Amino acid sequence: MTTAEARLTELGLELPPAPGAVAAYEPWAISGNMIYTSGQLPWRDGKTLLFKGRIGAELTPEQGYEACRLSTLNAIAQLKAALGDLERVHRIVRVEGSLNVAPGSGDMTPKVLNGASDVINAVFGERGRHTRMIYTTPDLPLNAACLVVLWAEIG
Amino acid sequence: MTTAEARLTELGLELPPAPGAVAAYEPWAISGNMIYTSGQLPWRDGKTLLFKGRIGAELTPEQGYEACRLSTLNAIAQLKAALGDLERVHRIVRVEGSLNVAPGSGDMTPKVLNGASDVINAVFGERGRHTRMIYTTPDLPLNAACLVVLWAEIG
Amino acid sequence: MTTAEARLTELGLELPPAPGAVAAYEPWAISGNMIYTSGQLPWRDGKTLLFKGRIGAELTPEQGYEACRLSTLNAIAQLKAALGDLERVHRIVRVEGSLNVAPGSGDMTPKVLNGASDVINAVFGERGRHTRMIYTTPDLPLNAACLVVLWAEIG
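We now turn to the structure provided with this report. (Residues numbered from 1 in each chain as written. Chains lettered and ligands numbered in written order. Predicted model: local features only at pLDDT ≥ 70, side-chain atom pairs only at ≥ 80, totals over all residues. Heavy atoms only, no water.)

What about the pairing of strand β3 (residues 89-100) of chain B?
Residues and elements named next belong to chain B. Across the 12 residues of β3, 11 count as buried, placing the element largely inside the fold. Here β3 pairs with strand β4 (residues 131-137) via seven bridges, running parallel. From the neighbouring strand, Val95 faces β4, where its bridge partner is Arg132. (Buried < 20%, exposed > 50% of the residue type's maximum accessible area, 1.4 Å probe, protein only. Helix = DSSP H or I, 4+ residues; strand = E, 2+ residues; numbered from the N terminus. Pairing = 2+ DSSP bridges.)

Structure, rendered in C-alpha cells:
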C-alpha cells in the first residue's frame, strides 16, 4: 500500500507549512478518534493568500478549483502537524467547502469543490472516500476564494 | 413501537432511490457509531431535480418547505441504503439545511426548514429529536432550492 | 482550577435562560461523549432578539462582536441546561458561527466571530481551545446578526 506521503511525492505536491489560525481559535482539535480542522484558507506558504475574490467574477472556475486544492493541502498539512504521520489517518470522513461566488454561479460549484475532493482521493486512495457539504456565499474572510475543513478518523 | 418504515407508509411517503453524489465524493460515510450523509438535493427519482430557484423569488416558502422535505427523504434513502434497515437508526443527531433564498427572505427560513424537521419527527418519532443548523445563501449547486445533511447515531 | 461558573462570575457575565428552539427541533443533543447545540441566536433573555441586521450595514463590527458573544452565552446556557454542571465539559471541540454581513464585509468577519471565541477561551480556559468554521451570508433567520453552534466533549 502506497503511503499518503509517497502519493503526495508522486503527484509532485508539497505540503505547505501548517498555517496558524487567523483569529482566537486552534487550527485543529482531536476528540476521541476524530480530528477536525478549522476552516483552511488557500495560503501558499502560510503567509501569502492566493486566490482572492469571487469565483465567477474576479476568478475563473479553474482558479476556484486550484484554490480548493490549495486550501485542502493546507488542511492535510494540519493533519500532518497534529498526527506526525499521515498513516494515522484511517479515513477522511467529511470535507466542508465554503465557496465565495458571484451571483448566479451556483451551478459550477460542485466541480469547483472537486479541487478539494480530487486531491483527497488522489492522496488517500480508499481511505480518502469522504462525504461532502458545500456552502456558497458572496463573502468570505480575507476575501478568499474558499475555506475548507477536513474531518478524519484516526488510529 | 412503530418502525420508521411503517410510519413512512402511514404517511403515504415513498423513499426515492438513494441518489449518487453529483461530484467526486460519497453519499454517506459511517465512522464509529455515527453515519453522516453528504448534502442531499431535492431529487424526485435520483434524476429529476425538483425545486430549482430561490425561495422568496422563483419559489414560494411552501415550495421551499416541500423542497426540504424531498431532500430529507433522499437523505433518509441514503441511511436506508447504507444501513439496510432504518431500525438501526438510534437517533437523528443533527440536521443541516442550506437554503437558497432571495435577499430579505431570512425571516421565513426556520419555517421553511421545518420541511426537513417535520418529516424526521414524523418518521422517527422520539428517535428523530434532532439539533439543527441552518445556512442561507443566494446560490446553491445546480440552482437547487436546498441541500440537507443528516447525522445519525446507529447501532 | 477555576470553574467555568466562577470565571463567568469574575467576568461579570450571567447566563441567559437557555432558549427553546424557534422551530421543530431540539436546542441540544448528546451522542456518546459529545454534545452539540443547535444554532443559537443573540437572545438577551430568551425573548428579546438583540442585534438584528447585517454587520457592515445596519450593525457595526463591534455590534457584530457583541452579537457573537451573546449567541455564545446562549449556547453555553444550553450546555448548562443539558449537563447540569459546566464542569462536565472536557473540551469545546468546535465553534460554528454564521454571520449576517453586508456585501464586501468578509474581511472583518474573523474578528467579529472572536466575540464567540474570546468568551469561550475566557470561560473555559485550556478546555476552551476550539476549532472554528465561519459562514457568511446576506440573510439569517429572524434577520439576526449571527448564529452560533458549539460542540463539546463531555464526561
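Now that the structure has been shown, we can carry on.
Brief notes about the interface of chain C and chain A
Of the residues lining the interface, 29 residues belong to chain C; the matching set on chain A comes to 28 residues. Carbon and sulfur atoms make up 57% of the surface buried where chain C meets chain A, a total of about 2,100 Å² over both sides. At the junction of chain C and chain A, the tally comes to two salt bridges. As a salt-bridge pair, C:Arg94 and A:Glu96 come within 3.0 Å of each other at their nearest N and O atoms. Counting every contact that joins chain C to chain A gives 14 residue pairs in polar contact (both at pLDDT 80 or more). Elements that contribute at least two residues to the side of chain C that touches chain A include exactly β3 (89-100), α3 (109-124), β4 (131-137) and β5 (146-154) of chain C. Residue composition of the side of chain C that touches chain A, grouped by class: 11 nonpolar, 11 polar and seven charged. (Contact = heavy atoms within 4.5 Å. Buried area = accessible area lost by both parts, 1.4 Å probe. Salt bridge = Lys/Arg side-chain N within 4 Å of Asp/Glu carboxyl O. Polar contact = N/O pair within 3.5 Å; in protein donor to acceptor, adjacent residues only side chain to side chain. Nonpolar A, V, L, I, M, F, W, Y, C, P; charged D, E, K, R; others polar.)

Digging into the side chain of C:Arg132
Here C:Arg132 shows up in strand β4. The side chain of C:Arg132 is buried and forms no salt bridge, while C:Asp118, the nearest opposite charge, is found at 6.8 Å. A distance of 3.0 Å separates a polar atom in the side chain of C:Arg132 from the backbone oxygen of C:Pro110. Within polar-contact distance, the side chain of C:Arg132 engages the side chain of C:Asn114 at 2.8 Å. Residues within four places of C:Arg132 in sequence aside, it is in contact with A:Ala23, A:Ala24, A:Tyr25, A:Ser38, A:Gly39, C:Val95, C:Pro110, C:Leu113, C:Asn114 and C:Ser117. (Lys, Arg positive; Asp, Glu negative; His and termini not counted.)

So, the pairing of strand β4 (residues 131-137) of chain A
Across the seven residues of β4(A), seven count as buried, placing the element largely inside the fold. Neither face of β4(A) is left uncovered, since the one carrying A:Thr131, A:Met133, A:Tyr135 and A:Thr137 and the one carrying A:Arg132, A:Ile134 and A:Thr136 both have all their residues buried.

A word on the interface of chain B and chain A
On the chain A side, the residues contacting the 28 residues of chain B number 29 residues. Roughly 2,100 Å² of surface becomes buried between chain B and chain A when both sides are summed, with 57% attributable to carbon and sulfur atoms. Contact with chain A buries area across many residues of chain B, yet B:Ala24, B:Glu26 and B:Asp139 alone supply 26% of it, more than any other trio. Between chain B and chain A we count 14 residue pairs in polar contact (both at pLDDT 80 or more) in total. Considering every element that reaches the side of chain B that touches chain A, the biggest residue donor is strand β1 (residues 28-31) of chain B, with four residues.

So, the relation of the copies chain B and chain A
Think of it as a corkscrew move, a rotation about one axis and a shift along it, taking one chain copy to the other. With an RMSD of 0.0 Å, the operation that places chain B on chain A is a rotation of 120° combined with a shift of 0.0 Å along the axis. A rotation of that kind, with that shift, is consistent with a three-fold axis. Within chain B, B:Thr137 has its C-alpha nearest the rotation axis, a separation of 3.4 Å. Little of the interface of chain B is mirrored in chain A: 14% of its interface residues are interface residues there too. (Least-squares fit on C-alpha atoms with pLDDT ≥ 70 in both.)

Side note on the layout of surface pockets
The computed volume of the largest pocket comes to approximately 560 Å³. Residue lining of the largest pocket: 33 residues in total, with A:Pro138, A:Asp139, B:Pro138, C:Pro103 and C:Pro138 positioned closest to the centre. Partitioned by chemical class, the residues of the lining of the largest pocket number 13 nonpolar, 11 polar and nine charged. Each pocket or cavity is described by its volume, and for the second largest pocket that value is around 270 Å³. Around the second largest pocket, the lining is made up of 15 residues, and of these A:Met34, B:Asn33, B:Met34, C:Asn33 and C:Met34 lie nearest the centre. (1 Å grid on protein atoms, 1.4 Å probe; cavity = no way out; pocket = protein on both sides within 12 Å on 5 of 7 lines; lining within 4 Å. Points joined across faces, edges and corners; volume = space filled by probe spheres on them.)

A few points about the packing of aromatic side chains
All names here are of chain A. Summed over all chains, the structure comprises 12 aromatic pairs over all chains. Their ring planes at 80° and their centres at 5.4 Å tell us that Tyr36 and Trp151 sit as a pair that is edge-to-face. In this pair, Tyr36 sits in strand β2 (residues 34-37) while Trp151 sits in strand β5 (residues 146-154), placing the two residues 115 residues apart along the sequence. Look at Trp151 and you get buried, because its relative accessible area is 1%. (Phe/Tyr/Trp six-rings, centres within 6.5 Å; stacked < 30°, edge-to-face > 60°.)

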